[in-house]
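Examining the three-dimensional arrangement
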Amino acid sequence: MTSLLLSKAHYPVTTLGPGKRAGIWTQGCTIGCDGCLSRDTWDADPRTEAPVEAVLGWLDSLPGPVDGITISGGEPFQQPAAVAELLHGIHAWRGKAPADILIFSGYAYSRLSRVAESRAILDLCDAVVAGPYIDGRNDGSPLRGSSNQRLVPLTDLGRERYETAFDGAAPPEQGKHIQVSVNDGPEGRRVYYIGIPRRGDMDQLSSALERAGVHAGEVSWR
């Protein structure tokens, strides 16, 4: 049974692609982009291991419509066998339903497209956002962390949903930047921010919370 290092899974995600989406975040990343907002996903912690079958079971249990699946991290392409198995399972699950698969990577698209293991993953996705995050090039895009990153549609469905994502013609839901999720777990209550914030958004949000009497505590973006 193949296992995946899994940071979290969330539904519905409304900020990382069109419609109501299932979000799956892998755990573990060695790229270490300066200014990364998800440093809590860098450590390849074996305690986060989850069977791919269990992730697919979670997807099958979702109560509402799933317009797409967003896979991020961490770095999904550093777990190629597990992510490929997950994607094959997603294809079987979605059947002919128009649920797109969007994947994020900190690797440049040119690198992903020339490595066989990575190409095999791209072949199972509808679109990819690829490239390292560069803090000084954060341009406020709803799907790119920085302007050097590329959103590449890979299928007809990907082109239908993502080709206009950065030219001002994006659907209204793609203009949202931050979604807040609260999770009560064994280590206490954690607040997750889902999306691509603009420069300064997170500090402004922390300040607003402090003024409201909510102490942010340890955060993943510093």
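So, a few notes on the structure that sits alongside this text. (Residues numbered from 1 in each chain as written. Predicted model: local features only at pLDDT ≥ 70, side-chain atom pairs only at ≥ 80, totals over all residues. Heavy atoms only, no water.)

1. Some details on the pattern of salt bridges
Any two side chains of opposite charge can pair, on the condition that their charged atoms come close. Rule in force here: Take a side-chain nitrogen of Lys or Arg and a carboxyl oxygen of Asp or Glu: if they are within 4 Å of each other, that pair is a salt bridge. Summary of the burial criterion: residues with accessible area below 20% of their type's maximum are buried, those above 50% are exposed, and those between are partly exposed, where the area comes from a 1.4 Å probe applied to protein chains only. Numbering goes from the N terminus for both helices and strands, where a helix is a DSSP run of H or I of at least four residues and a strand is a run of E of at least two.
In this structure the tally under the stated criterion is six salt bridges. A salt bridge links Arg144 to Asp139, with the nearest nitrogen and oxygen atoms 2.9 Å apart. The class of Arg144 is buried, set by a relative accessible area of 17%. Between Asp156 and Arg159 there is a salt bridge, and its shortest N-O distance comes to 2.8 Å. Of the two residues, Asp156 and Arg159 are both situated in helix H5 (residues 156–162); the distance of three residues between them amounts to about one turn of the helix. Since its relative accessible area comes to 60%, Asp156 is described here as exposed. Overall, the relative accessible area of 33% leaves Arg159 in the partly exposed class. Each member of the salt-bridge network shares a partner with another, and the members are Arg21, Asp100 and Arg161.

2. Comments concerning the environment of Leu154
Heads up, the condition is: We call two residues in contact whenever any of their non-hydrogen atoms come within 4.5 Å of each other.
With respect to the helices, strands and loops of the structure, Leu154 is situated in the loop between strand E7 (150–153) and H5. Residue Leu154 is classed as partly exposed on the basis of its relative accessible area, which comes to 23%. Separated by 32 residues in sequence, Leu154 and Leu122 place their C-alpha atoms 7.5 Å apart. Residue contacts for Leu154: discarding those within four places in its chain leaves Tyr109, Leu122, Cys125, Asp126, Ala127, Val128 and Arg159.

3. Let's talk about the environment of Gly73
Here Gly73 lies in the loop between strand E4 (68–72) and helix H2 (80–94). Relative accessible area serves as the criterion here: at 10%, Gly73 is assigned to the buried category. Sequence separation between Gly73 and Gly106 is 33 residues; the distance between their C-alpha atoms is 9.2 Å. Those residues within four positions of Gly73 in sequence are excluded, and the remaining contacts are Trp25, Thr26, Ser38 and Thr41.

4. Let's talk about the side chain of Gln149
Going by this rule: The definition of a polar contact used here is a pair of N or O atoms within 3.5 Å, where within protein one atom must be able to donate a hydrogen and the other to accept one, and adjacent residues in sequence count solely through side-chain atom pairs.
Locating Gln149 in the fold gives a position in the loop between strand E6 (127–130) and E7. In this structure the side chain of Gln149 is engaged in a polar contact, spanning 2.7 Å, whose partner is the backbone nitrogen of Gly145. Residues in contact with Gln149, not counting those within four places in the same chain, are Val129, Ala130, Gly131, Pro132, Tyr133 and Arg144.

5. A word on the sheet that holds strand E1 (residues 3–13)
Using the following cut-off: Two strands form a pair only when DSSP identifies at least two bridges running between them. With axes taken as lines fitted to C-alpha atoms, and helix axes fitted only over the stretch in contact, angles between N-to-C directions fall between 0 and 180 degrees.
With mixed pairing, the seven strands of this open sheet are ordered in space as E3-E1-E2-E4-E5-E6-E7. In the strand order of this sheet, the two ends are held by strand E3 (49–51) and E7, each with one partner. Direction aside, neighbouring strands of the sheet carry axes that sit 25° apart on average. Bridge analysis of E6 against E7 gives four bridges, and the strand direction is antiparallel. Note on E7: the bridge partner recorded for Ala130 is Arg150. Across the sheet, helix H1 (residues 52–60) is in contact with E1, strand E2 (21–26), E3 and E4; its angle to E1 comes to roughly 10°. Sheet strands touched by H2: E1, E2, E4 and strand E5 (100–105). Its angle to E5, the strand with the most contacts, is close to 165°.

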